[in-house]
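Letter by letter, the chains look like this.
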Amino acid sequence: MSKTAKRKACLIRPLEVPDDEIDGGATHKTIITRGANETDITVYRSQITPGKSHDWHHHEVDEVIFCVAGEGRYELEEGEIRFKAGEFIFLPKGTKHRSSSTTDGPVELVAIFQPGLE
């Protein structure tokens, strides 16, 4: 199969995509990624329930996060970013971070990486 054979328009149903647990207890779903779809973009849908987070980490590519629902915060080495539904967060590559819910309900996030992750 050629590389372009995987690159076609498709419908992705997040409810049919398995959850992956992130260290710290949060979960995400890999919606689209370079390895599976031959794209130069990676998209995750993440959920952070109250009391859960993910461990400190960074990425070697830029990341844009959209908050679909809830409120939370991204802890950074140099401070924090508080966010709520309808807002975007930009994290330049190399930014060490972790996120958590700041309310009684879950936080739903869509994270977009470009270029795509393997």
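Everything below is about the structure shown above.
In what follows, the accompanying structure is described. Since the model is a prediction, treat every value here as computed from it, not as a measurement.

**Section: the pattern of salt bridges**
For the coordinates displayed, the defined rule picks out six salt bridges. The closest approach of N and O atoms between D19 and K29, which form a salt bridge, is 3.1 Å. Separated by 10 residues along the polypeptide, D19 in the loop between α1 (3-6) and β1 (20-21) and K29 in strand β2 (residues 27-32) bring together distant segments of the chain. Here K29 falls in the buried class, since its relative accessible area comes to 14%. The salt bridge partner of E75 is R73, with a shortest N-O separation of 3.7 Å. Taking relative accessible area as the criterion, R73 reaches 24% and is therefore assigned partly exposed. Here the residues in one salt-bridge network are R73, E75, E80, R82 and R98, joined through shared partners.

**Section: the sheet that holds strand β6 (residues 79-84)**
In spatial order, the strands read β6-β5-β8; together these three strands make up an open sheet with antiparallel pairing. Bordering the open sheet on either side are β6 and β8 (97-101), each of which pairs with just one other strand. Looking at each pair of strands side by side, their axes are set apart by 20 degrees on average, direction ignored. Where strand β5 (residues 71-76) lies against β6, six bridges are found, and the strand directions are antiparallel. Opposite G72, over in β6, you have F83 as the bridge partner.

**With respect to the pairing of strand β3 (residues 42-48)**
The buried fraction of β3 amounts to five of the seven residues, a majority that puts the element mostly inside the structure. Here β2 pairs with β3 via five bridges, running antiparallel. When the sheet's bridge partners are listed, K29 is paired in β3 with R45. Two elements, β3 and strand β9 (residues 107-114), share seven bridges in a ladder whose sense is antiparallel. Residue S46 lies in a different strand from β9, and its bridge partner there is L109.

**Remarks on the environment of E78**
Residue placement: E78 occurs in the loop between β5 and β6. Measuring from C-alpha to C-alpha, the distance between E78 and K96 comes to 9.2 Å, with 18 residues separating the pair along the chain.

Definitions and cut-offs
Residues numbered from 1 in each chain as written. Predicted model: local features only at pLDDT ≥ 70, side-chain atom pairs only at ≥ 80, totals over all residues. Heavy atoms only, no water. Salt bridge = Lys/Arg side-chain N within 4 Å of Asp/Glu carboxyl O. Helix = DSSP H or I, 4+ residues; strand = E, 2+ residues; numbered from the N terminus. Buried < 20%, exposed > 50% of the residue type's maximum accessible area, 1.4 Å probe, protein only. Pairing = 2+ DSSP bridges. Axes fitted to C-alpha atoms, helices over the stretch in contact; angles between N-to-C directions.

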